[in-house]
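# Overview (structure and organization)
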Amino acid sequence: MAEEVILLDFWPSMFGMRARIALREKGVEFDMREEDLSNKSPLLLKMNPVHKKIPVLIHGGKPVCESLIIVQYIDETWGHESPLLPSDPYERARARFWADYVDKKIYLALRTLRPSTGEAQEAAKKEYIESLKVMEGELGDKAYFGGERFGYVDVSLIPFYSWFYGLEVLANFSIKEECPKLVAWAERCMQRESVAKSLPDQYKLYEYLLERTKKLQAQ
Amino acid sequence: MAKAGEVKVIGGWPSPFVMRPRIALNLKGVEYELLEEKFGAKSELLLRSNPVHKKIPVFLHADRPVCESLIIVQYIDETWPSTGPSILPSDPYDRATARFWAAYIDEKWFPSMTGIARAQGEEAKKAAIDQVVEGLFLLEDAFGKISKGKPFFGGDTIGFLDIALGCFLGWLRVTEKTHGLKLLDEAKVPGLAKWAERFCADDAVKGVMPETEKLAEFAKLIMAKFKAPPPQ
């Protein structure tokens, strides 16, 4: 009998989106529970006492935390016929490296960009675009980061696409102009049901970003 | 089996991150060449092999580079699966647990430790020390749950999480010495204190863990460099 799968999540979270996509890629039924981050549930605090953050995957009552660790856990537990990570150790190391790059460089650049204004915003925009261009370089002419098949690196990066429109409006730039191949890759990923179902509507996300940015800038 | 000259580690003896792949290779009994980087000047080979981050360690296997210390350790475990002990646990949940604590150590605990040296003023220093101690309590609890009475996080032999944490023991001792602290206090974190002794005494670790004295001297050198006015 299949054990219950719960995902503690927050709809705009790119990290939550990663877990949603991975579960859907594997055809795993799960109960997605929306957290109010200003009022965290007792379950969240119990399942992730160290960081108190989402996403948290709860499988048969046992918690797994940190989005990329969750994605690897999902990959190792279900659907061995359609793995997200490649089988060759060198290719696996490469996939892990680039997913790590997304967290270390792209996410960090994004965090700097969001609350910034004026000159600082221009500098942050440049950093963000540079980090996306490095990914675009790594993609090259491949359909997906791993080659022909949608995989781990794609899962780690595609959630960022849902934020593109909002960022473009708020910071006045065009990601499509700067990184056309990356946007083409993103649109290709969006054709997959697992991705389309897991990423929120870009306009809804823009409204959320607008509200949050106003709050951050007021601080 | 690796051919002679096929396996290399680009690194520096003081770096705890460089220690990680070295311990992993020792556990697997794989011979390797250490290409020592000079502090303050990055070699052509390093810049070519890790153009994205330009950092050590870089692992070269038949000239193909692998970067990021924990990624390298996993690569070593997966490339030499049948020689030496398994470094990652076999159960997916245990693997997730090991990865979780390794990420915690890298993202929260180790930065809190270097925070002690960087703290300005007594209050800030005390806050930094409290953070490190709090982290050690968490890790002590994790050790109890994960080791289940065995000598290491990995069980009977050194594993992924042992390597992830153990590599920082040299720098931990330097911090204790420099600031007159007892962080790995047997009275407060007995499990970890004893684990640390076992870890450092292990054959896979002995040759690569730098002596505290030598590391303390090196620490003084880099502190001096950071405090010195920039060259004109």
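Residues numbered from 1 in each chain as written. Chains lettered and ligands numbered in written order. Predicted model: local features only at pLDDT ≥ 70, side-chain atom pairs only at ≥ 80, totals over all residues. Heavy atoms only, no water.

Here we take up the side chain of B:Glu6. All names here are of chain B. Here glutamate 6 lies in the segment before β1 (7–11). At a separation of 3.3 Å, a polar atom in the side chain of glutamate 6 contacts the side chain of histidine 61. Discounting residues that sit within four places of it in the chain, glutamate 6 has contacts with Leu60, His61 and Ala62. (Helix = DSSP H or I, 4+ residues; strand = E, 2+ residues; numbered from the N terminus. Polar contact = N/O pair within 3.5 Å; in protein donor to acceptor, adjacent residues only side chain to side chain. Contact = heavy atoms within 4.5 Å.)

Okay, the pairing of strand β3 (residues 56–59) of chain A next. Residues and elements named next belong to chain A. The alternating pattern of β3 places Val56 and Ile58 on one face and Leu57 and His59 on the opposite face, and all of these are buried. When strand β1 (residues 5–9) meets β3, the two strands line up antiparallel, connected through four bridges. Each bridged residue has a counterpart across the sheet, and for leucine 8 the counterpart in β3 is valine 56. Two strands pair when backbone bridges link them, and β3 and strand β4 (residues 62–65) are joined in this way by four bridges, in the antiparallel orientation. Bridging from a neighbouring strand, valine 56 pairs with cysteine 65 of β4. With antiparallel pairing between neighbouring strands as the criterion, β3 and β4 make up a hairpin whose turn holds two residues, including glycine 60 at a positive phi of roughly 55 degrees. (Buried < 20%, exposed > 50% of the residue type's maximum accessible area, 1.4 Å probe, protein only. Pairing = 2+ DSSP bridges.)

The next subject is the packing of aromatic side chains. This model, assessed by the stated rule, comprises 26 aromatic pairs over all chains. Measuring from ring centre to ring centre gives 6.3 Å for A:Tyr90 and B:Tyr75, while their planes differ by 80 degrees; the resulting arrangement is edge-to-face. Within this pair, whereas A:Tyr90 is found in helix α4 (residues 89–113), its partner B:Tyr75 is found in helix α3 (residues 69–79), the two belonging to separate chains. Assessed through its relative accessible area of 10%, A:Tyr90 is described here as buried. Where A:Phe145 meets A:Trp185, the ring centres are 5.3 Å apart and the plane angle is 80 degrees; that geometry is what we call edge-to-face. Within this pair, whereas A:Phe145 is found in the loop between α5 (118–139) and α6 (152–157), its partner A:Trp185 is found in helix α9 (residues 180–189), the two being separated by 40 residues in sequence. (Phe/Tyr/Trp six-rings, centres within 6.5 Å; stacked < 30°, edge-to-face > 60°.)

We now examine the packing of α4(A) against α5(A). All names here are of chain A. Interaxial distance between α4 and α5 falls to 8 Å at its minimum, and their mutual angle equals 165 degrees. The pairing of α4 with α5 is recorded here as roughly antiparallel in orientation. Two packed elements cross with a definite hand, and for α4 against α5 that hand is left-handed. Between α4, through Arg94, Trp98, Tyr101, Val102, Lys105, Ile106, Ala109, Leu110, Thr112 and Leu113, and α5, the contact on the second element is made entirely by Gln121, Ala124, Lys125, Glu127, Tyr128, Ser131, Leu132, Val134, Met135 and Glu138. When its residues are assigned to classes, the contact of α4 with α5 shows 12 nonpolar, three polar and five charged. (Axes fitted to C-alpha atoms, helices over the stretch in contact; angles between N-to-C directions. Parallel < 35°, antiparallel > 145°, perpendicular 65-115°, else oblique. Left-handed = near helix turned anticlockwise from the far one by under 90°. Nonpolar A, V, L, I, M, F, W, Y, C, P; charged D, E, K, R; others polar.)

Residue and element names in this part refer to chain B. Taken together, four strands build an open sheet; the order of strands is β2-β1-β3-β4 and the sheet is mixed. Two strands close off the open sheet at either side, each with one partner strand: β2 (33–36) and β4 (64–67). Strand-to-strand twist of the sheet, defined as the mean angle between neighbouring strand axes without regard to direction, takes the value 25 degrees. The pairing of β1 with β2 spans four bridges and is classified as parallel. When the bridges of β2 are listed, isoleucine 10 appears paired with leucine 35.

Another aspect to go through is unusual backbone geometry. The omega torsion across A:Ile54 and A:Pro55 is 0 degrees, close enough to zero to call that bond cis. The topology assignment puts A:Pro55 in the loop between α2 (42–47) and β3. With an omega of 0 degrees, the peptide bond running from B:Ile56 to B:Pro57 counts as cis. Tracing the backbone through its elements, the reader meets B:Pro57 in the loop between α2 (44–49) and β3 (58–61). In the Ramachandran plot, B:Lys54 falls in the positive-phi region, its phi being about 55 degrees despite a non-glycine side chain. For B:Lys54, the position within the fold is in the loop between α2 and β3. With relative accessibility at 39%, the residue B:Lys54 sits in the partly exposed group. Non-glycine residue B:Glu68 carries a positive phi angle of around 80 degrees.

Right, let's get into the side chain of A:Asp154. Residues and elements named next belong to chain A. Among the structural elements, aspartate 154 can be located in helix α6. Although aspartate 154 is buried, it forms no salt bridge, and the closest oppositely charged side chain is arginine 188 at an N-O distance of 7.4 Å. Among the polar contacts made by the side chain of aspartate 154, one reaches the main-chain amide nitrogen of phenylalanine 145 at a distance of 3.1 Å. (Lys, Arg positive; Asp, Glu negative; His and termini not counted. Salt bridge = Lys/Arg side-chain N within 4 Å of Asp/Glu carboxyl O.)

Moving on to the nonpolar core. With 152 residues, the main nonpolar core has A:Tyr128, A:Met135, A:Trp185, B:Phe59, B:Trp109, B:Leu192 and B:Trp195 as its most contacted residues. When near neighbours in sequence (up to four residues on either side) are disregarded, B:Trp109 contacts B:Tyr104, B:Val132, B:Gly135, B:Leu136, B:Leu139, B:Leu165, B:Phe168 and B:Leu172. (Core = buried A, V, L, I, M, F, W, Y, C linked by side-chain atoms within 4.5 Å.)

Along an α-helix, a turn takes 3.6 residues, which lines up residues three or four apart on a common side. Turning to helix α7 (residues 169–179) of chain B, its buried residues number three or more, namely B:Leu169, B:Gly170, B:Trp171, B:Leu172, B:Val174, B:Thr175 and B:Glu176. Looking one or two residues past α7(B), B:Gly180 carries a phi angle of roughly 60 degrees, positive in sign.

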